[in-house]
Amino acid sequence: MAYPPEQIEELKGYCTKLSALPEGGVTFLYMEGLRLPAGCNPSACDALLCPVAKDGYPSRLYLSVQVASRYPRNWNGSTRIGERNWFAFSWMVNLSEPTLTQLLIAHLNGFAKEK
Amino acid sequence: METEKNVEVEIDIFEFAGRGEEVPHATTYRVRIDGETVKVDTPHPTGELLLSKVGKRPCAFELIEEFVHHDNDVVEPNEEVNLRKHGLKGFITAHKEIVTIFINGDPYSIERGKRTVAQILSKVNQTPEGYILMEEKGGPPLPLPPDVPVEICGCEIFHSQAQSGGSS
């Protein structure tokens, strides 16, 4: 699946390197060094943004580590993609036709919002 | 009448003010701002340009003219200053109490200091219940926790986006 080039460009500002990682019929957006909101430990890590439905969620953000943040999160999405282990917390994003950046922000907001 | 021949190359307005002399035309003016000497290539710089010479912006700071007779005048950002004005010895800057922040590209006035996310979002008629507030701080806009005060110094850049996520 191809994503709009202008949305890809905007997303690049959030990480040190962005590339596509196709696997299992899904094109994940592989974000190296994704910057995380203030209060997160680490402050950056690698991530996979899955803009399409997966594992019962409309979209998902997988992270290379279980990030510590202000609020405890329910890390329920351990998986292996691209020969690497990834972690995701239970966070449901329901946005109508979001841009990739809007989607990423909605997932990152899981570190800044209690519920 | 002054000709190109008698135009000074570089002059220090502080020295002329101290001697009570008229400041001649020059190609470059040495100006003191907060005690720091900067060079200005025009006799009529704007307040914003002078602030930028010391790395400051009108969204957080104001510029004040200082005269030898101890009068001080605030210079607006778009106001042109006459560097050849008699008695002008330099400038000082002061942190504004009411500063300007930018939300979704538009400027808004707000009191300096710690402000809640709700106070900031209220500038654009939004609430933390309905919107995520993001700050652009040395990188891309990232979400701010709604229950942690934000330190406002002026010139901060914010964005907002509709709330859309929740723990499932």
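Preceding this paragraph is the structure being described.
These figures come from a predicted structure and were not determined experimentally.

**Comments concerning the overall build of chain B**
For step 1, the next point in the chain: Check the secondary structure of chain B and you find three helices and 14 strands.
For step 2, the next point in the chain: In chain B, which comprises 168 residues, the share counted as buried stands at 42%.
For step 3, the next point in the chain: Intrachain contacts of chain B at a sequence separation of at least 6 include 49% that bridge at least 24 residues.
For step 4, the next point in the chain: A total of about 8,800 Å² of accessible surface is found on chain B, and carbon and sulfur atoms cover 49% of it.
For step 5, the next point in the chain: The average position of the 17 basic charges and that of the 29 acidic charges among the side chains of chain B differ by 3 Å.

**Remarks on the pattern of salt bridges**
Side chains that carry opposite charge are capable of pairing whenever their charged atoms lie near each other.
For step 1, the next point in the chain: Taken as a whole and judged by the stated rule, the model has 15 salt bridges over all chains.
For step 2, the next point in the chain: Close ionic contact of Lys12 of chain A with Glu9 of chain A constitutes a salt bridge, the shortest N to O distance being 2.8 Å. Residue Lys12 of chain A and its partner Glu9 of chain A are located together in helix α1 (residues 5–12), separated by three residues, close to a single helical turn.
For step 3, the next point in the chain: With a shortest N-O distance of 3.0 Å, Arg84 of chain A and Asp46 of chain A are connected by a salt bridge. Here Arg84 of chain A is found in strand β6 (residues 84–86), whereas its partner Asp46 of chain A is found in strand β3 (residues 44–50), with 38 residues between them in sequence.
For step 4, the next point in the chain: You can call Arg84 of chain A partly exposed: its relative accessible area is 28%.
For step 5, the next point in the chain: Look at the salt bridges and you will find they share partners, linking Glu10, Asp12, Arg30, Arg32 and Lys39 of chain B into a network.

**Considering the state of the cysteines**
Here a disulfide denotes a covalent bond joining the sulfur atom of one cysteine to the sulfur atom of another.
All names here are of chain B.
For step 1, the next point in the chain: Under the counting rule described, the total for this entry stands at one disulfide over all chains.
For step 2, the next point in the chain: In this model, Cys59 is linked to Cys155 through a disulfide, with the two sulfur atoms separated by 1.9 Å. Around the S-S axis, the bridge from Cys59 to Cys155 shows a dihedral of about 100° and counts as right-handed. On the criterion of sequence distance, the pair formed by Cys59 in the loop between α2 (47–53) and β4 (61–67) and Cys155 in the loop between β12 (150–152) and β13 (157–162) is long-range, its members being 96 residues apart.

**What to know about the sheet that holds strand β1 (residues 17–23) of chain A**
Residues and elements named next belong to chain A.
For step 1, the next point in the chain: If you walk across this open sheet you meet the four strands as β1-β2-β3-β4, and the pairing is antiparallel. Edge positions in the open sheet fall to β1 and β4 (60–63), since each of these has one partner strand only. Each strand axis lies, on average, 25° off the axis of its neighbour in the sheet, ignoring direction.
For step 2, the next point in the chain: Of the pairings in the sheet, the one linking strand β2 (residues 26–35) to β3 comprises five bridges and is antiparallel in character. By the bridge assignment, Tyr30 is partnered in β3 with Leu48.

**A look at the nonpolar core**
For step 1, the next point in the chain: Counting 30 residues, the largest nonpolar core has Met31, Leu34, Leu36, Leu63 and Leu104 of chain A as the members making the most contacts within it.
For step 2, the next point in the chain: Residue assignment for this core shows that the elements contributing at least two residues are α1, β2, β3, β4 and α2 (100–108) of chain A together with β10 (131–136) of chain B.
For step 3, the next point in the chain: Sequence-distant contacts of Leu34 of chain A, that is, excluding residues within four places in its chain, are made with Tyr14, Cys15, Ser43, Ala44, Cys45, Ala47, Leu61, Leu63, Leu104 and Leu108 of chain A.
For step 4, the next point in the chain: Grouped together as the second largest cluster of nonpolar side chains are 24 residues, Leu51, Cys59, Phe61 and Phe91 of chain B included.

**Quick look at the pairing of β4 of chain A**
Residue and element names in this part refer to chain A.
For step 1, the next point in the chain: Along β4, one buried face is formed by Arg60 and Tyr62 and the opposite face, lined by Leu61 and Leu63, is buried too.
For step 2, the next point in the chain: For β3 and β4, the ladder comprises four bridges, and the chain directions are antiparallel. Within β4, the residue paired with Leu48 across the bridge is Tyr62.

The rules we used
Residues numbered from 1 in each chain as written. Chains lettered and ligands numbered in written order. Predicted model: local features only at pLDDT ≥ 70, side-chain atom pairs only at ≥ 80, totals over all residues. Heavy atoms only, no water. Helix = DSSP H or I, 4+ residues; strand = E, 2+ residues; numbered from the N terminus. Buried < 20%, exposed > 50% of the residue type's maximum accessible area, 1.4 Å probe, protein only. Contact = heavy atoms within 4.5 Å. Areas by Shrake-Rupley, 256 points an atom, 1.4 Å probe, with all protein chains shown as cover. Lys, Arg positive; Asp, Glu negative; His and termini not counted. Charge placed at Lys NZ, Arg CZ, Asp CG, Glu CD. Salt bridge = Lys/Arg side-chain N within 4 Å of Asp/Glu carboxyl O. Disulfide = S-S within 2.5 Å. Pairing = 2+ DSSP bridges. Axes fitted to C-alpha atoms, helices over the stretch in contact; angles between N-to-C directions. Core = buried A, V, L, I, M, F, W, Y, C linked by side-chain atoms within 4.5 Å.

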